[in-house]
Amino acid sequence: MIQLHDVDLKLLRVFATIVRCGGFSAAQAALNAGQSTISEQMTHLETRLGVKLCQRGRSGFRLTEQGVAIHEATQRLLSAVENFCMDADVLKQHISGKLNLGIIDTTITDPDSPIPRTTQRFVSRGHDVHLNVYVGTPAELEERVLDGRLHLAIGHFPIHVPGLLQSPLYQEALGLYCGRRHPLYGSQAEGEELLEEVAAGRIVVRGYMQQYDLEHLGVSKAAATVDNIEATAILIISGAYLGFLPEHFAAQWVKSGEMHQLAPGSLRLRSPFDVITRRGVAPPPILQAFLEDLAASARKTGNP
């Protein structure tokens, strides 16, 4: 059985960084080391473990089958070490360490989002915390919370995933928009008349909220599917597609005349934002403190 020492943990962290960056050259900046030094460290790690972890050369960087397994084990080990360090800090009544937070894109302009207020509240308490923020799709966020790379994530999660705890946080207002080159630009139509015209056009939907979007428009099929809000906006601005956007995000283009909101009185949605954490794992103190501030900030704005 391999006995791990401090130097092995250091080498495993180097390995994890190389995989995250996608190769030796790409990892140089993150590791603040030259390629020859990184290569020596990897050779040392492979010798310690007795397996070949990756193929590197002109054909590019690729993990071996053993490398994939070691990388997965490394992620679990480093997460456990980090959680141990955070738990140990409780004994000295001090919260420190890293907090890994995931969020979906384009929430910065939402006045109802409790994330900025939570961050200010959390940091003002004087915690010695390094905050890592990852922006991704709902599926990516769920995967990263499940495998421990993220402590928590905030976004739209319409399908409850086993292994995750999901709690309502707040709601986001969405409207239906078209670009200024679209035939419906400037239309004041409402009700059935508008829905007939919408059904005859091209609809872009968020892949993770596809049924939700289509059901509210009374159509069965979309002409385009995206995994983030910015991509939705690009297709709408083109004038070829209609789609739902957060009102706070679309406001800049409505103001400039690039977009028009259709039937704001009847085609306005409230889309839920939830917070997810890993089920069956006691939250470390750093996560518990952030969740408490998050709940307090949500209550302050009248959200659940």
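Heads up: these notes are all about the structure in this document. Computed from a prediction, not measured in an experiment: that's the story for all the values here. (Residues numbered from 1 in each chain as written. Predicted model: local features only at pLDDT ≥ 70, side-chain atom pairs only at ≥ 80, totals over all residues. Heavy atoms only, no water.)

1. Quick word on a negative patch on the surface
And then number 1: The grouping of Glu192, Glu193, Glu196 and Glu197 at the surface amounts to a negative patch.
And then number 2: Note on placement: Glu192 falls in helix H7 (residues 191-199).
And then number 3: Given a relative accessible area of 58%, Glu192 falls into the exposed group. (Patch = residues over 30% accessible without salt bridge, like charges linked within 9 Å, V, L, I, M, F, W, Y side chains within 5 Å. Areas by Shrake-Rupley, 256 points an atom, 1.4 Å probe, with all protein chains shown as cover. Salt bridge = Lys/Arg side-chain N within 4 Å of Asp/Glu carboxyl O. Lys, Arg positive; Asp, Glu negative; His and termini not counted. Charge placed at Lys NZ, Arg CZ, Asp CG, Glu CD. Helix = DSSP H or I, 4+ residues; strand = E, 2+ residues; numbered from the N terminus. Buried < 20%, exposed > 50% of the residue type's maximum accessible area, 1.4 Å probe, protein only.)

2. Thoughts on empty space enclosed by the protein
And then number 1: Within this structure, the stated rule accounts for 1 cavity of 30 Å³ or more.
And then number 2: Estimates place the volume of the largest cavity at around 40 Å³.
And then number 3: Ile104, Asp105, Thr106, Thr107, His156, Glu172, Arg206, Tyr208, Ile229, Pro246 and Phe273 together form the lining of the largest cavity.
And then number 4: Each residue belonging to the lining of the largest cavity can be placed in one class, and the counts come to 5 nonpolar, 3 polar and 3 charged. (1 Å grid on protein atoms, 1.4 Å probe; cavity = no way out; pocket = protein on both sides within 12 Å on 5 of 7 lines; lining within 4 Å. Points joined across faces, edges and corners; volume = space filled by probe spheres on them. Nonpolar A, V, L, I, M, F, W, Y, C, P; charged D, E, K, R; others polar.)

3. Focus: the environment of Val14
And then number 1: Relative to the assigned elements, Val14 resides in helix H1 (residues 6-21).
And then number 2: The contacts of Val14, once residues within four sequence positions are left out, are Leu31 and Gln41. (Contact = heavy atoms within 4.5 Å.)

4. Let's talk about the packing of aromatic side chains
And then number 1: Enumeration according to the criterion identifies 4 aromatic pairs in this entry.
And then number 2: With centroids separated by 6.1 Å and ring planes inclined at 50°, the aromatic side chains of Phe24 and Phe61 adopt a geometry described as tilted. One end of the pair, Phe24, is in helix H2 (residues 24-31); the other, Phe61, is in the loop between strand S1 (54-55) and strand S2 (62-63), and 37 residues separate them in sequence.
And then number 3: On the basis of relative accessibility, which here comes to 6%, the residue Phe24 falls in the buried class.
And then number 4: The exposure class assigned to Phe61 is partly exposed, which follows from its relative accessible area of 25%.
And then number 5: An angle of 80° between the planes, with centres 5.3 Å apart, marks the rings of Phe122 and Phe290 as edge-to-face. Taken together, the residues Phe122 in helix H5 (residues 115-124) and Phe290 in helix H11 (residues 285-300) connect sequence positions 168 residues apart. Across the pair, exposure class does not vary: Phe122 and Phe290 are buried alike.
And then number 6: Its guanidinium or amino end placed over the ring of Tyr134, Arg144 lies 3.8 Å from that ring's centre, counting from NZ or CZ. (Phe/Tyr/Trp six-rings, centres within 6.5 Å; stacked < 30°, edge-to-face > 60°. Lys NZ or Arg CZ within 6 Å of the ring centre and 35° of its normal.)

5. What about unusual backbone geometry?
With the exception of glycine, most residues fall at negative phi, and the peptide bonds are largely trans.
And then number 1: Look at Asn32: it is not a glycine, yet its phi comes out positive at around 55°.
And then number 2: Positionally, Asn32 belongs in the loop between H2 and helix H3 (35-49).
And then number 3: The phi angle at Ala263 is positive, at roughly 45°, despite the residue not being glycine.
And then number 4: The residue Ala263 is located in the loop between strand S10 (259-262) and strand S11 (268-278) in this model.

6. Description of the layout of surface pockets
And then number 1: A volume near 1000 Å³ is recorded for the largest pocket.
And then number 2: Taken together, 31 residues line the largest pocket, and the ones lying closest to its centre are Arg20, Gln75, Glu82, Asn100 and Arg149.
And then number 3: Secondary-structure elements contributing two or more residues to the lining of the largest pocket are H1, H2, helix H4 (65-90), strand S3 (96-103), strand S4 (128-135) and helix H6 (138-146).
And then number 4: The biggest single contributor to the lining of the largest pocket is H4, with 10 residues.
And then number 5: Of the residues in the lining of the largest pocket, the class split is 11 nonpolar, 11 polar and 9 charged.
And then number 6: Roughly 190 Å³ of internal volume is contained in the second largest pocket.
And then number 7: Around the second largest pocket, the lining is made up of 15 residues, and of these His151, Arg278, Val281, Pro284 and Leu287 lie nearest the centre.
And then number 8: When its residues are assigned to classes, the lining of the second largest pocket shows 9 nonpolar, 5 polar and 1 charged.

7. Observations regarding a nonpolar patch on the surface
And then number 1: The grouping of Leu131, Val133 and Val135 at the surface amounts to a nonpolar patch, some 230 Å² of accessible area in total.
And then number 2: Topologically, Val135 is positioned in strand S4.

Just distances and angles here, no functional claims.
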